[in-house]
Amino acid sequence: MNPSEYDLIDLCQVDPSLIVEAAYAAPHTFLGVAVYPENRLFLMKPAAYRLMRVQKNLCEKGLSLKVWDAYRPLALQKIMWDLVGDDRYIANPQTGSRHNRGCAVDCTLVDSHGREREMPTEYLHFSERAHRDFMELPAEAIQNRQ
């Protein structure tokens, strides 16, 4: 990879069809305050282009992605860890996460009208129900999380 491939890129520049709703740009998360200055999210270019391919495939099926978080500064990771302190839901800032490296997104599926599809939980739901192997769910929720 050349140095420019490590640059962060705005997701809306990569694919304007993505629905970006930066959760941490609003006070309604478990943090209780907005910590991002605006509704913009970033990924490293290779990850952003892979996400664009996923979005293209979903659009062909009448679906889309709504993205809540992507690159996350380590300072925010530390705040989140101090509040939650459970590595099943928040990565320990000592090791960091793919979010801190600009290679992960928190997202959901929406239909062609922007309505969220059924998922096992709401965003930022820290319980067993949010685990990938939790199966006591409606079939649609299991299908959508795949």
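Residues numbered from 1 in each chain as written. Predicted model: local features only at pLDDT ≥ 70, side-chain atom pairs only at ≥ 80, totals over all residues. Heavy atoms only, no water.

1. With respect to the nonpolar core
Here is the rule: Throughout this description, the term nonpolar core refers to a set of buried Ala, Val, Leu, Ile, Met, Phe, Trp, Tyr and Cys residues connected via side-chain atoms within 4.5 Å. For the exposure calls, accessible area comes from a 1.4 Å probe over protein chains only, and a residue counts as buried if that area is under 20% of its type's maximum, exposed if over 50%, partly exposed in between. In this text, helices come from DSSP runs of H or I with a minimum length of four residues, and strands from runs of E with a minimum of two, each type numbered from the N-terminal end. Every residue pair with non-hydrogen atoms within 4.5 Å of one another is taken to be in contact.
Formed by 24 residues in total, the largest nonpolar core has its most connected members in Leu 11, Leu 41, Leu 43, Leu 51, Leu 65 and Val 67. Looking at this core, the elements with two or more residues in it are helix H1 (11–14), helix H2 (45–59), strand S4 (63–69) and helix H3 (74–84). Residue contributions to this core peak at four residues, all from H2. In this structure Leu 11 touches Leu 18, Val 20, Leu 41, Leu 43, Ala 48, Leu 51, Val 67 and Ala 70, once residues within four positions along its chain are discounted.

2. Comments concerning H2
Note the cut-off: The span one expects for a helix is its residue count, reduced by one, times 1.5 Å.
Between its first and last C-alpha atoms H2 spans 21 Å; for 15 residues at 1.5 Å apiece the expected length is 21 Å, and the two agree. Pro 46, Ala 47, Ala 48, Leu 51, Gln 55 and Leu 58 are the residues of H2 that are buried. Looking at the packing, one finds that the buried side of H2 touches strand S1 (8–10), H1, strand S3 (42–44), S4 and strand S5 (106–111).

3. Some details on the packing of aromatic side chains
Rules: Between the rings of Phe, Tyr and Trp (Trp by its six-membered ring), a pair exists once the centres lie within 6.5 Å; its type follows the angle of the planes, with under 30 degrees stacked, over 60 edge-to-face, and the other angles tilted.
As enumerated under the stated definition, the model contains one aromatic pair in all. With centroids separated by 5.8 Å and ring planes inclined at 80°, the aromatic side chains of Tyr 24 and Tyr 36 adopt a geometry described as edge-to-face. Here the residue Tyr 24 occupies a position in the loop between strand S2 (19–20) and S3, and Tyr 36 occupies one in the loop between S2 and S3, the gap between them amounting to 12 residues. Tyr 36 matches Tyr 24 in its accessibility class, with the two residues each being buried.

4. Section: the state of the cysteines
Just so we agree on the cut-off: By disulfide we mean two sulfur atoms from cysteines, separated by a distance within 2.5 Å.
Summed over the entire model, instances satisfying the criterion amount to zero disulfides. For the unlinked cysteine Cys 103, the closest cysteine sulfur is that of Cys 107, found at 14 Å. The exposure class of Cys 103 is partly exposed, given its relative accessible area of 38%. Between Cys 107, a free cysteine, and Cys 59, which holds the nearest cysteine sulfur, the sulfur-to-sulfur gap is 13 Å.

5. Focus on the sheet that holds S5
This is how the line gets drawn: Criterion used throughout: strands pair if DSSP finds at least two bridges between them.
The three strands lie next to each other as S2-S4-S5, forming an open sheet whose pairing is mixed. Each edge of the sheet is formed by a strand with only one pairing partner; in this case those strands are S2 and S5. Looking at chain direction, S4 and S5 are connected through six bridges and run antiparallel. For Leu 63, the partnering residue across the bridge sits in S5 and is Asp 111.

6. With respect to the environment of Lys 56
Here Lys 56 lies in helix H2. For Lys 56, a relative accessible area of 53% puts it in the exposed group. Residues Lys 56 and Ala 22, spaced 34 residues apart in sequence, show a C-alpha to C-alpha distance of 21 Å.

7. Considering the pattern of salt bridges
Rule in force here: Throughout this description, the term salt bridge denotes a Lys or Arg side-chain nitrogen within 4 Å of a carboxyl oxygen of Asp or Glu.
Counting across every chain of the model gives 11 salt bridges. One salt bridge connects Asp 106 with Arg 72, and the closest N-O pair in it is separated by 3.5 Å. With Asp 106 in strand S5 and Arg 72 in the loop between S4 and H3, this pair connects stretches of sequence that are 34 residues apart. Here the two residues Asp 106 and Arg 72 agree in accessibility, since each one is buried. When the shortest N-O distance is used, the salt bridge between Arg 88 and Glu 128 registers 2.7 Å. Residue Arg 88 is found in the loop between H3 and S5, and its partner Glu 128 is found in the loop between S5 and helix H4 (139–145); the two are separated by 40 residues along the sequence.

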